[in-house]
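Structural description and commentary
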Amino acid sequence: MVKIGYLGPRGTFTKLAVDTAFNGEDKLAFNTIPECIDAVNNEEIEIGVVPLENAIEGTVQLTVDYLVHQVRLPIIAEIVVPIEQHLLVSPDFNGSLSELAEVHSHSHAIAQCHQYLHKHLPEAAINFTSSTGKAAEVVSKTGKKIAAIGNKLAAAEYGLKIYQENIHDYPNNHTRFAVLAKQREDVRIKHEQDGEKTTLLITLPSDYAGALHQVLSAFSWRKMNLSKIESRPMKTGLGNYFFIVDVNQPYDAVLFPGVKAELEALGCNVTVLGTYPVYQMKL
Ligand SMILES: O=C(O)C(=O)Cc1ccccc1
């Protein structure tokens, strides 16, 4: 049976994404995103699912940086999941909000609820955990006057009470999850796909006037639509960046080699991080 790893433990959003996209397979929780990616690379598991980008907080830098700088694994599919953040407390907590001394959660979940925390829990200490599921586990184990931010699955898995529903600051909150695998055939998602994308990694030769404009024009005159462009530090010094570009179409044997050749003539380096179907999930 195909083994699927995810950012765990129980009750994470990544587990929700895995449960909606896959059925029946052997599902294994990992404590961190790098551990999950390493397990695919070491072939302990066939598939790894990790968070990539959130509609409110943006890119999950740990995932992108680990994939770019440490372990290059292809993105085989993208799963988009609606995200609802709830304030979870131990079942015997009946106090008021002001009695909650600590709020635990993943940095992305905290960021999605900044305004709520600022307004309603200004005195609470923020504790960052490796995932929202981990935060729910902490609350269930200590049972003190502390809260976690997480989903309904976490509330059910750890026997917590939902003190306040939907505390994320903006509606229409979604997260994109990357499905990583060495063998495309191992990934079988039984849903209708909603389009296809190709993610490219582009490094510029040096900083000169109009460099990025020249890069973008290679896509523009071919009428290739980009859905995202983001710069990230090369980690070699201030001012050195690479670009991650999402193109709204699958890799093909004409347009993409054309872009690559044109950009290489400018001195750029172009790598395909993945070409993959997108699945929009409803929970
Ligand atoms: O911590 C989790 O539950 C995750 O899966 C990462 C995450 C955190 C916040 C929103 C979406 C995904």
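Fair warning: this is a prediction, and the values are worked out from it, not measured in the lab.

The rules behind the values
Residues numbered from 1 in each chain as written. Predicted model: local features only at pLDDT ≥ 70, side-chain atom pairs only at ≥ 80, totals over all residues. Heavy atoms only, no water. 1 Å grid on protein atoms, 1.4 Å probe; cavity = no way out; pocket = protein on both sides within 12 Å on 5 of 7 lines; lining within 4 Å. Points joined across faces, edges and corners; volume = space filled by probe spheres on them. Helix = DSSP H or I, 4+ residues; strand = E, 2+ residues; numbered from the N terminus. Nonpolar A, V, L, I, M, F, W, Y, C, P; charged D, E, K, R; others polar. UniProt positions renumbered as here; feature names shortened; annotations may be inferred. Phe/Tyr/Trp six-rings, centres within 6.5 Å; stacked < 30°, edge-to-face > 60°. Buried < 20%, exposed > 50% of the residue type's maximum accessible area, 1.4 Å probe, protein only. Lys NZ or Arg CZ within 6 Å of the ring centre and 35° of its normal.

A separate point is the layout of surface pockets. The computed volume of the largest pocket comes to approximately 240 Å³. What lines the largest pocket is simply Leu-204, Pro-205, Ser-206, Asp-207, Tyr-208, Ala-211, Leu-212, Met-234, Gly-239, Asn-240, Tyr-241 and Phe-243. Looking at the lining of the largest pocket, the elements that each hand over two or more residues are helix H8 (211–220) and strand S14 (241–247). Tallied by class, the residues present in the lining of the largest pocket amount to eight nonpolar, three polar and one charged.

As annotated by UniProt and renumbered to match this structure, "domain: ACT" (unreviewed entry) occupies residues 200–277. Regarding residues 200–277, the helix share stands at 27% and the strand share at 36%, and the terminal C-alpha atoms are separated by 15 Å.

In the structure shown here, the tally under the stated rule is two aromatic pairs. Between Phe-93 and Tyr-163, the ring centres sit 5.8 Å apart and the planes meet at 50°, which makes this aromatic pair tilted. Here Phe-93 is found in the loop between strand S6 (86–89) and strand S7 (102–105), whereas its partner Tyr-163 is found in strand S10 (residues 161–164), with 70 residues between them in sequence. The partly exposed category is assigned to Tyr-163, whose relative accessible area is 27%. Here Arg-10 stacks its cationic end above the ring of Tyr-158, 4.5 Å away from the centre of that ring.

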